[in-house]
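Analysis of the macromolecular model
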Amino acid sequence: MLVAGATGFAGALAAHLLWRHPRFELIAISGRSETGRRLDDLYPRYRVPLEIQPLDLDAVGRIDAAIVAYPHAAAAPTVGELLDRGARAIDLSADFRLSDLATYERWYGPHPRPDLLPQAVYGLTELHRERIASARLVANPGCYPTAAVLGLAPLARAGLIADVVIDAKQGLSGAGRVFDDTTHLSMAGENITPYKVANHRHTPEIEEQLDDLDPAHPDLRVQFQAHLVPLDQGEMASCYVTPTRPLAEEDLARLYDEAYADEPFVEVVGAPPGVREVRETNFCRLFAAADAHTGKALVFSAIDNLWKGTSSQAIQNLNLMFGLPETEGLL
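Nothing here was measured: the structure is a model prediction, and the numbers come from that model.

**Examining helix α6 (residues 125-133)**
Taken together, the buried positions of α6 are occupied by T125, E126, L127, H128 and I132. Viewed along the axis of α6, the buried residues span an arc of 165°, placing them on a single side of the element. Where α6 is buried, its residues contact β6 (120-122), β7 (137-139), α7 (143-157), α9 (202-213), β12 (266-268) and α11 (307-321).

Following this line, the structure appears as structure tokens:
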């Protein structure tokens, strides 16, 4: 196994999870910076004693699969090269999350490998398990779409979403290692900051997945707003749904219990969850309630943005791709 882009938060955690995995062997890590350093020097707590090298697939030799943790547009060419060499790839960028090329280019710009889009399987494990198992290219979901779509999937599948507002909050690690003016540490302490107002790139990803679940109500427009909160890691998606018909509390509870009864990493709980409950785990905790006053359904979805929202979900998918129990190395 290879992790390309192991110097960022997501790539480093993916390397850590692969290094300790009982069935996979991590043989190389690469980075576009910090080359020559060992990963356990850059991230001591992960204790991965491999040296970060420039990416050279000829030097790496034969590998079965790789996790690519480069930014969008930089990831796709590497994914293409891996596939050409017969390896499977899990891409942590946005390059293959959207099936529609025009939508991708509207939000991200020109696509470097549009020819690969038909091969990509969206890697939200709980929704696409069977296709992921046979895929050569898996597009790992964004962290916000992971929390939001898991929270809303039972309602969408039942055709119950007429309108939805998603109010999402995330810790500082979601901004990555490089901070801009809106995510600088000095502005984040004891503060809550909305960012990418009315222009967040995860919006079309959430819309596409909800539309696929509910083809009877296509072209759902999602009001999505992200906020930065002073946490290291953790994410909460608070979803306010106008349902297509009145929903009683017991109907809502039954819908969620049935949807996730057999899911190893989704827990439907009886009270609103907090992000500390899922920190450094691959779990998503959900709570749904009916508001008798407004008629709305309220859904709260808590994940660790670096784990279930990114790197541990990649391992869950990798397990499926190689015929292993999807919980392997994650419990």
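There's more to say after this.
**A few points about the pattern of salt bridges**
As enumerated under the stated definition, the model contains 17 salt bridges in all. Ionic pairing is found between D167 and K169, a salt bridge with its closest N-O pair at 2.8 Å. Overall, the relative accessible area of 18% leaves D167 in the buried class.

**Digging into empty space enclosed by the protein**
Tallied over the entire structure, the rule returns one cavity of 30 Å³ or more. A volume near 40 Å³ is recorded for the largest cavity. Lining the largest cavity are A156, I161, L210, D211, D214, H217 and L220. Residues that form the lining of the largest cavity fall into these classes: four nonpolar, one polar and two charged.

**A closer look at the sheet that holds strand β5 (residues 88-91)**
Taken together, the seven strands give an open sheet; going across it, the order is β3-β2-β1-β4-β5-β7-β6, and neighbouring strands pair in parallel fashion. What marks the edges here is a single partner per strand, and that holds for β3 (52-53) and β6. Of the pairings in the sheet, the one linking β5 to β7 comprises three bridges and is parallel in character. Along β7, the bridge assignment pairs I90 with V138.

**Digging into the layout of surface pockets**
Here the second largest pocket is characterised by a volume of approximately 370 Å³. Those elements giving two or more residues to the lining of the second largest pocket turn out to be α5 (101-108), α9 and β10 (222-228). Ranked by the residues each element gives to the lining of the second largest pocket, the list is headed by α9, at six residues.

**Notes on the side chain of H227**
With respect to the helices, strands and loops of the structure, H227 is situated in strand β10. Owing to a relative accessible area of 13%, H227 belongs among the buried residues under this scheme. Once residues lying within four places of it in the same chain are set aside, the contact partners of H227 are Y144, D167, A168, K169, Q170, I192, T193, P194 and Y195.

**Considerations on the nonpolar core**
In summary, soluble globular proteins display a tendency toward joint burial of nonpolar side chains. Core analysis: the biggest nonpolar cluster contains 46 residues, and V3, L18, L26, I29 and I67 have the highest contact counts within it. For this core, the secondary structure elements donating two or more residues are α1 (9-19), α2 (39-42), β4 (65-68), β13 (284-290), β14 (297-303) and α11. Leave out the neighbours within four places in its chain, and I29 touches L2, V3, A6, A15, L39, L50, E51, I52 and Q53. Membership of the second largest hydrophobic core comes to 41 residues, among which are A148, Y195, I206 and L213.

**A short note on the packing of α7 against helix α10 (residues 249-260)**
α10 packs onto α7 with a crossing angle of 110° between their chain directions and a minimal axis gap of 10 Å. What the angle tells us is that α7 and α10 run roughly perpendicular. Relative to α10, α7 is oriented so that their crossing is right-handed. Where α7 approaches α10, its residues V149, L150, G151, L152, A153, P154, L155 and R157 are matched on the opposing element by L252, L255, Y256, A259 and Y260. Its residues placed into classes, the contact of α7 with α10 shows eleven nonpolar, one polar and one charged.

**Remarks on the packing of aromatic side chains**
What the rule picks out here adds up to seven aromatic pairs. Taken together, a centroid distance of 5.8 Å and an interplanar angle of 70° make the contact between F24 and F322 edge-to-face. Placement of F24 in the loop between α1 and β2 (28-30) and of F322 in the segment after α11 is noted, with a sequence separation of 298 residues between them. Residue F24 is classed as buried on the basis of its relative accessible area of 10%. Relative accessible area serves as the criterion here: at 29%, F322 is assigned to the partly exposed category. Between the aromatic rings of F287 and F300, the centroid separation amounts to 6.4 Å while the plane-to-plane angle is 20°, which identifies the pairing as stacked. Linking F287 in strand β13 with F300 in strand β14, this pair joins segments that are 13 residues apart in sequence. Residue classification places F287 among the buried residues on the basis of a relative accessible area of 15%. Given a relative accessible area of 18%, F300 falls into the buried group. Among the aromatic side chains, those forming a connected cluster through ring pairs are F9, Y43 and Y46. Note that R32 overlies the ring of Y70, its terminal NZ or CZ placed 5.2 Å from the centroid.

Thresholds, definitions, all that
Residues numbered from 1 in each chain as written. Predicted model: local features only at pLDDT ≥ 70, side-chain atom pairs only at ≥ 80, totals over all residues. Heavy atoms only, no water. Buried < 20%, exposed > 50% of the residue type's maximum accessible area, 1.4 Å probe, protein only. Helix = DSSP H or I, 4+ residues; strand = E, 2+ residues; numbered from the N terminus. Arc of directions from axis to C-beta. Contact = heavy atoms within 4.5 Å. Salt bridge = Lys/Arg side-chain N within 4 Å of Asp/Glu carboxyl O. 1 Å grid on protein atoms, 1.4 Å probe; cavity = no way out; pocket = protein on both sides within 12 Å on 5 of 7 lines; lining within 4 Å. Points joined across faces, edges and corners; volume = space filled by probe spheres on them. Nonpolar A, V, L, I, M, F, W, Y, C, P; charged D, E, K, R; others polar. Pairing = 2+ DSSP bridges. Core = buried A, V, L, I, M, F, W, Y, C linked by side-chain atoms within 4.5 Å. Axes fitted to C-alpha atoms, helices over the stretch in contact; angles between N-to-C directions. Parallel < 35°, antiparallel > 145°, perpendicular 65-115°, else oblique. Left-handed = near helix turned anticlockwise from the far one by under 90°. Phe/Tyr/Trp six-rings, centres within 6.5 Å; stacked < 30°, edge-to-face > 60°. Lys NZ or Arg CZ within 6 Å of the ring centre and 35° of its normal.

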